[in-house]
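# Overview (structure and organization)
Chain residues, written in single-letter form:
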Amino acid sequence: MKLLKISADGLPLFKEKLELTFYAQQRVSEADKSVLHPLFSNIYLNPVNGFIGINASGKTSVLKVVLLILDMLANEPLNHIETRDIMGDPQKVVLDCCFYSASSDEVCRLETVITSEKNKTEGIRYKIVQEQLWTKKVADIMTRKAMTDFKGKEPVLVRSDREEFLPDDVSIMIARNKKTKEQIKAVNLLRFTNMNVLPFSDDIPAEVITFLDPTIERLHFDEKDQKMQIHLKFKGKSEVVLYALEELNHYLSSGTVKGMIIFTLAQEALRTGGYLVVDEIENHFNKEIATTLMRFFMDGQLNKYGGILIFSTHYPELLDEFDRNDSIFITRNRGGITAENLCNILKRNDIKKSDAYQSGFLEGTTPIYEAYMRLKKSMMALLV
């Protein structure tokens, strides 16, 4: 199951309806096909999608919406989803997503209407009040534009009050997923943006460790007397035995720990064709490590199952890793958050993207000059 397009309307932090497209919208050349994931006919997915913007532009908020929809499609109850707070306390939120189902060879559209209520024990609680699912066979799709157009089609599944065994915060997708034996898989790494503690005690591939820190000779986890032991050995030094994952942070850099987390989970996403969502991909990393992760997902031979990397960044230099504009989104916060696809602003792929971003040509991508001057004057006053 692969996301093609999503929209979210009624979210309090957003200026307007949020709309994101994850398939290739620009012309696909023969050279492009090596970095895109083919779905069917002339439809290709962008395996790497980057969101860039200045501080407080809403990058993390957009990623939370993406994760909310991914988790909902994976049968997770709304009130258990980690990023549900992005909905606030709304009267009505409408989530609309189109996805490709490989098992049924169909393009599907799910529209979910959500409301909230407050109570003293749980605080804000969300429930689904209306939901419909449409499908169309891939063989019936003639154009890319028609792929996500379901006007005039009758829904194949409609939520009703007769579904007494379906919790009011679980999508009707649970019935379809059970029937098709298909499920979307997503890994949420937002909690590791600033916190670097290994979340697992499985052995990490030696190649990952060597890439991140070649001075590490061995890192092994085992259990003795029902207690975890961590064996860490650096080249030319005696082995150290630790008893808690947190202790690794005293011996390894933040970048090494974060890299172990991300590259281990990236292998799983590449193996299963799942989603890996990373906030501030450059945090604790040098540019080369961040670009290596991007290149793995852009490598058609390595990423043959269509794993998808979705990330946010402050670094415009990372934009130059993209050959295409339609996998880059510019976030802005001017009276509310917006996310605009770069291909709608910059029509040519051959313009250096980092230069366009840093020059202010894209608007709202550089700090406001007046704010800069006020800050400079206040700092100068302190030095008098």
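A brief structural summary. (Residues numbered from 1 in each chain as written. Predicted model: local features only at pLDDT ≥ 70, side-chain atom pairs only at ≥ 80, totals over all residues. Heavy atoms only, no water.)

### Points about the overall build of the protein
Across its full length, the protein holds 8 helices and 17 strands. Relative to the globule expectation of 21 Å for 384 residues, the C-alpha radius of gyration of the protein, 23 Å, shows essentially globular dimensions. Total accessible area on the protein stands at roughly 19400 Å², and carbon and sulfur atoms take up 50% of it. For the protein, the separation between the mean place of its 50 positive charges and that of its 53 negative charges on side chains is 4 Å. (Helix = DSSP H or I, 4+ residues; strand = E, 2+ residues; numbered from the N terminus. Rg over C-alpha atoms; globule rule 2.2 N^0.38 Å. Areas by Shrake-Rupley, 256 points an atom, 1.4 Å probe, with all protein chains shown as cover. Lys, Arg positive; Asp, Glu negative; His and termini not counted. Charge placed at Lys NZ, Arg CZ, Asp CG, Glu CD.)

### Concerning the packing of aromatic side chains
Ring pairs (aromatic) are described by centroid distance and by the angle formed between their planes. Across all of its chains, the model carries 6 aromatic pairs by this definition. Aromatic side chains Phe-51 and Phe-329 sit 4.6 Å apart centroid to centroid with 10 degrees between the ring planes, which places their arrangement in the stacked category. Highlighted residues: Phe-51 in strand S5 (residues 48–52) and Phe-329 in strand S16 (residues 328–333), separated in sequence by 278 residues. The same class applies to Phe-51 and to Phe-329, which are both buried. Plain terms: the ring middles of Phe-211 and Phe-263 are 5.6 Å apart, the flat faces sit at 65 degrees to each other, and that makes the pair edge-to-face. With a gap of 52 residues between them, Phe-211 in helix H4 (residues 206–212) and Phe-263 in helix H5 (residues 254–272) connect regions that are remote in the sequence. Exposure remark for Phe-211: the relative accessible area of 40% places this residue in the partly exposed category. (Phe/Tyr/Trp six-rings, centres within 6.5 Å; stacked < 30°, edge-to-face > 60°. Buried < 20%, exposed > 50% of the residue type's maximum accessible area, 1.4 Å probe, protein only.)

### Here's the deal with the sheet that holds S16
Strand order in the open sheet made by the 6 strands is S10-S14-S15-S5-S16-S17, with mixed pairing throughout. The sheet is open, and its two edges are formed by strand S10 (186–188) and strand S17 (337–341), each paired on a single side. Going across the sheet, the axis of each strand differs from the next one's by a mean of 15 degrees, ignoring polarity. Relative to strand S15 (residues 308–313), S5 runs parallel, the two sharing 5 bridges. Across the sheet, residue Gly-50 finds its bridge partner in S15, namely Phe-311. (Pairing = 2+ DSSP bridges. Axes fitted to C-alpha atoms, helices over the stretch in contact; angles between N-to-C directions.)

### Some remarks on the nonpolar core
Soluble globular proteins tend to pack their nonpolar side chains together in the buried interior. Core analysis: the largest hydrophobic core is formed by 62 residues, its most contacted members being Leu-3, Leu-20 and Phe-99. Not counting residues within four places of it along the chain, the set of residues in contact with Leu-20 comprises Leu-4, Lys-5, Ile-6, Phe-51, Val-62, Val-66, Phe-329 and Ala-339. Judged by nonpolar contacts, the second largest core, of 49 residues, contains Val-208, Ile-261, Ile-328 and Leu-346. (Core = buried A, V, L, I, M, F, W, Y, C linked by side-chain atoms within 4.5 Å. Contact = heavy atoms within 4.5 Å.)

### Notes on the pairing of S15
For S15, a buried count of 6 out of 6 residues is recorded, marking the element as mostly surrounded by other parts of the structure. Of the two faces of S15, the one lined by Ile-308, Ile-310 and Ser-312 and the one lined by Leu-309, Phe-311 and Thr-313 are each fully buried. Pairing of strand S14 (residues 275–278) with S15, which is carried by 4 bridges, proceeds in the parallel orientation. Directly across from Val-277, in S15, lies its bridge partner Ile-310. Taken together, S14, helix H6 (residues 287–298) and S15 constitute a β-α-β crossover, and its handedness is right-handed. (Right-handed = clockwise from strand over helix to strand, strands pointing away.)

### Description of unusual backbone geometry
For residues besides glycine, phi is generally negative; the peptide bonds are generally trans as well. Located in the positive-phi region is Lys-181, a residue other than glycine, with phi close to 55 degrees. By secondary structure assignment, the location of Lys-181 is in the loop between helix H3 (173–180) and S10. Its identity as a non-glycine residue notwithstanding, His-284 has a phi of 75 degrees, on the positive side. You can see His-284 is positioned in the loop between S14 and H6.

### Examining the state of the cysteines
Scanning the model with the defined rule gives 0 disulfides in all. With no disulfide of its own, Cys-97 has Cys-98 as its nearest cysteine by sulfur position, at a separation of 7.1 Å. (Disulfide = S-S within 2.5 Å.)

### Here we look at the pattern of salt bridges
Under the counting rule described, the total for this entry stands at 19 salt bridges. A salt bridge links Lys-64 to Asp-85; the shortest N-O distance between them is 3.1 Å. Remark: Asp-85 occurs in the loop between helix H1 (59–73) and strand S6 (93–101) and Lys-64 occurs in helix H1; sequence separation between them is 21 residues. Take Asp-85: its relative accessible area is 45%, and that puts it in the partly exposed class. Close ionic contact of Lys-137 with Glu-106 constitutes a salt bridge, the shortest N to O distance being 3.9 Å. (Salt bridge = Lys/Arg side-chain N within 4 Å of Asp/Glu carboxyl O.)

### Quick notes on the environment of Leu-318
Of note, Leu-318 is situated in the loop between S15 and S16. Assessed through its relative accessible area of 0%, Leu-318 is described here as buried. As for Leu-318 and Thr-272, which are separated by 46 residues in sequence, their C-alpha atoms are 26 Å apart.

### Overview of H6
Taking 1.5 Å of rise per residue, 12 residues should cover 16 Å, and H6 covers 16 Å from first to last C-alpha, within 8% of that figure. Considered for burial, the residues of H6 that qualify are Ile-289, Ala-290, Thr-291, Thr-292, Leu-293, Met-294, Phe-297 and Met-298. In this structure, the buried side of H6 is in contact with S5, H4, H5, S14 and S15. Structurally, the start of H6 carries an N-cap: the backbone nitrogen of Glu-288 is 3.1 Å from a side-chain oxygen of Asn-286. (Expected span 1.5 Å × (residues − 1). Polar contact = N/O pair within 3.5 Å; in protein donor to acceptor, adjacent residues only side chain to side chain.)

So yeah, pure geometry; function would need other evidence.
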